[in-house]
Amino acid sequence: PAGYDPNIKWETTTTNNIGLDYGFFNNRVSGSVDFYMKKTKDLLSQVPVAPGSNFVNLLTTNVGNIENKGVEFVLNTVPIRNRDLTWDLGFNFTYQKSEITNLLKQEDLSFTGIDVGGISGGTGNTIQKHVVGYRPYTFFVYKQVYDPETGRPIEGLYEDQNRDGKIDAADRYLYKQYAPDFLFGFSTSVAYKKFSIGLAAHGMAGNYAYSNVNSERASFRNIQNPINFIQNTTSNYFDTRFYNNQYLSDYYVQNASFFRLDNINIGYTIGKILDNRANMRLAASVQNVFVITKYKGLDPELSNEGIDNTIYPRPRIFSIGANIDF
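Residues numbered from 1 in each chain as written. Predicted model: local features only at pLDDT ≥ 70, side-chain atom pairs only at ≥ 80, totals over all residues. Heavy atoms only, no water.

Undergrad: Could you give me a rundown of the overall build of the protein, with the residues and numbers involved?
TA: From N to C terminus, the protein includes 3 helices and 18 strands. Against the 2.2 N^0.38 benchmark of 20 Å for 326 residues, the protein shows a C-alpha radius of gyration of 26 Å, more extended than a compact globule. Across its three principal directions, the C-alpha atoms of the protein cover 80 × 55 × 45 Å. Restricting to contacts in the protein with at least 6 residues of sequence separation, those with at least 24 account for 64%. When the accessible surface of the protein is totalled, it reaches about 19,800 Å², and 55% of it is carbon and sulfur. Once the 31 positive and 32 negative side-chain charges of the protein are each reduced to a mean point, those two points are 8 Å apart. (Helix = DSSP H or I, 4+ residues; strand = E, 2+ residues; numbered from the N terminus. Rg over C-alpha atoms; globule rule 2.2 N^0.38 Å. Contact = heavy atoms within 4.5 Å. Areas by Shrake-Rupley, 256 points an atom, 1.4 Å probe, with all protein chains shown as cover. Lys, Arg positive; Asp, Glu negative; His and termini not counted. Charge placed at Lys NZ, Arg CZ, Asp CG, Glu CD.)

Laid out in structure tokens, this is it:
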């Protein structure tokens, strides 16, 4: 037998928004502004159930309510437009805020949230938590204590948050979130006679990531495995000198805000070829040009709720080609 909820159903979302589209100077300046509020209820989540009430102690059911609100702004401009030269410039910006508003079907004063965000290393370790009043997937960690002389984290030493004279699970605290506060994008293109050049970029701010690569690999115990063979580590070991893994330290939760130049492309139109039977255009481009970030991992842009297990960098791709239209 397995856990089962006979009343399980689809989630329900209600969205309210007010927006404005604008255009000036023959649409050489245009865009939109949109304010929105979205409330989603009956989201699926695993929650504890009373012993004996089902075949499991954690049941997937409709309990989660989330409220999202924010503003989106888009600006497109054409600063220059004449016979030989055209310059297009675009920008977009989004501010967003999410908050969990419900996690239980019945009130339970002892309920502190749902542990989520399973990580590699140890047995059953989780690094995040769903808690009412906080964003989804908020990191749930110990507060690391540092050596005042070297600035290095002190292995196994954490702040006694509740001041009870011991360090245990009650000293873990909610710290930062993986979702960004701000998202932004930028694009521009210039065409001069037969030449053209364009680029596109985007970024995020306020997002944090947990470096599971370093928490799992950057310890001496991992280098000199207990069953006596040598394993790879990361350079982060030289920053901590940890002997044992410290999976739940907030040291590994890092600011992952970034700005990425996604693409640069250049083109030149040769024009008619083959006795005017075809048009030819040469093009070259670079993908994933560079990233500006304080994050120490390989890539700050993560898709798995902010838990970084990236061990290979995103490639930079160069392309050169010719297009011929008959």
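Next comes the rest of the description.
Undergrad: Outline unusual backbone geometry, supporting the account with residue identities and numerical values.
TA: Most peptide bonds adopt trans geometry, and most residues besides glycine take a negative phi value. In this model, Asn27 sits at a positive phi of 65°, which is unusual for a non-glycine residue. Mapping Asn27 onto the fold places it in the loop between strand 1 (12-24) and strand 2 (29-48). Positive phi values are uncommon outside glycine, yet Tyr137 reaches one of about 60°. Tracing the chain through its elements places Tyr137 in the loop between strand 6 (126-130) and strand 7 (138-141).

Undergrad: Kindly report on the sheet that holds strand 7, identifying the contributing residues and their values.
TA: Here 4 strands make up an open sheet; going across it, the order is 5-6-7-10 and the pairing antiparallel. Only two strands of the sheet have a single partner each, and these edge strands are strand 5 (114-118) and strand 10 (173-177). On average, each strand axis in the sheet is inclined to that of its neighbour by 45°, with strand direction left out of account. Pairing of strand 7 with strand 10 involves 4 bridges; the strand directions are antiparallel. Within strand 10, the residue paired with Phe140 across the bridge is Leu174. (Pairing = 2+ DSSP bridges. Axes fitted to C-alpha atoms, helices over the stretch in contact; angles between N-to-C directions.)

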